[in-house]
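Given next are the chains, with one letter for each unit.
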Amino acid sequence: MQADYTRVFQDPEAVAKYHDQTYASGTFSSVVSQRQRQWLRGFVAESFETPPVQHDFACGTGRAIRMLEGLVSRAHGYDTSEAMLAKATELDTVARLHLVGTTGPLPSDTDRPAIVTIFRLLLNASDEVRDRALEFAAGMLPDADAGLLVCENHGNRGSLRHLTSVFGALDTERWFAELGDADVVELFNRHGFEIVARQGFTLLTQGFYRRAPLKWLVPVDDIVARRRWSAKVATNVLYVARRKAPSPAR
């Protein structure tokens, strides 16, 4: 993992590459993103009686906001990168976009219900940034009735992705971080959240999507990875959490 990961996307060229290459049509990331979109739209429609307000932390190019367009009453995106926010605007992201600092006070909002989304951040972020993200979520969701947090882990340590780091570069030339299920649980617990659901989106790694002899597994992966039992071994996982209810007084 690059030590300056949070600074990489201050560069407009890096942002353009991220959008145009990482999420180009047919790539591993774009396929997983489409699966996430389909599931998340169904989940939000079923989980909220009235359209929630969306607060997307580290919104980047606005991908998670566009996933829920039409299902939320309004959307806000927050990022430390002006270049990312500019790209989100260029992509016609329907949201109010906010430039936030890496330190200092975090925004707050009192409208309910709310859904906080944190996509593609935790894995490569420092512990300080992870804590800041969950601090943001706790501020937007002060109690169990305020709404839900949906957070992505796109490098689950308990998945096939881990084996590629041990036995060879099946996946990528450069290895990034891993984040285990227990790490996510501990992070959420520390900020007063309890996990209420996990959803996996792929059991495979990027290499299976790039290599012709392996691509026949992709449709099977789409079916199997969506099974509830697969979440803890999926390569990409969405966690759904809510604030813990206060303990009853004794």
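Residues numbered from 1 in each chain as written. Predicted model: local features only at pLDDT ≥ 70, side-chain atom pairs only at ≥ 80, totals over all residues. Heavy atoms only, no water.

Undergrad: How do you make sense of the overall build of the protein when you look at a structure like this?
TA: Counting its regular elements, the protein contains 10 helices and seven strands. Burial statistics for the protein: of 250 residues in total, 48% are counted as buried. In the protein, the share of contacts with a sequence separation of at least 24, taken over all contacts with a separation of at least 6, comes to 72%. Counting only carbon and sulfur atoms, one obtains 52% of the accessible surface of the protein, whose full area is about 12400 Å². (Helix = DSSP H or I, 4+ residues; strand = E, 2+ residues; numbered from the N terminus. Buried < 20%, exposed > 50% of the residue type's maximum accessible area, 1.4 Å probe, protein only. Contact = heavy atoms within 4.5 Å. Areas by Shrake-Rupley, 256 points an atom, 1.4 Å probe, with all protein chains shown as cover.)

Undergrad: Please explain the sheet that holds strand β6 (residues 193–202) as it appears in this structure.
TA: Working definition: the strands of a sheet are paired by backbone hydrogen bonds and lie parallel or antiparallel to each other. Pairing is mixed in the open sheet, where seven strands are placed in the order β3-β2-β1-β4-β5-β7-β6. Taken across any chain shown, the strands that pair with only one partner, and hence form the sheet edges, are β3 (96–99) and β6. Recorded for the sheet is a direction-independent mean angle of 20 degrees between the axes of neighbouring strands. In this sheet, β3 lies alongside strand β2 (residues 74–79) in parallel orientation, the contact comprising four bridges. Each bridged residue has a counterpart across the sheet, and for Tyr78 the counterpart in β3 is His98. Relative to the sheet, helix α3 (residues 28–47) contacts β4 (114–118), β5 (147–153), β6 and β7 (236–243), its axis offset from that of β6 by approximately 135 degrees. Docked against the sheet, helix α5 (residues 82–90) engages β2 and β3, running at close to 170 degrees with respect to β3. (Pairing = 2+ DSSP bridges. Axes fitted to C-alpha atoms, helices over the stretch in contact; angles between N-to-C directions.)

Undergrad: Explain the environment of Leu141 to me, please; I cannot follow it from the model alone.
TA: Checked against the element boundaries, Leu141 lands in the loop between α6 (127–140) and β5. Owing to a relative accessible area of 1%, Leu141 belongs among the buried residues under this scheme. Setting aside residues up to four positions removed in sequence, Leu141 forms contacts with Ala114, Val116, Ala146, Gly147, Leu148, Leu149, Phe193 and Arg243.

Undergrad: Looking at this structure, I do not really get helix α8 (residues 181–190). What am I missing?
TA: For an α-helix, the turn length of 3.6 residues means that residues three or four places apart are oriented alike. For α8, every residue scored as buried is listed here: Asp181, Val184, Leu187 and Phe188. An end-on view of α8 places all buried positions within 130 degrees of arc, on one side of the element. Lining the buried residues of α8 we find α6, β5, β6 and β7. Positive phi appears at Gly192, one or two residues downstream of α8, with a value of about 80 degrees. (Arc of directions from axis to C-beta.)

In short, geometric facts, not functional conclusions.
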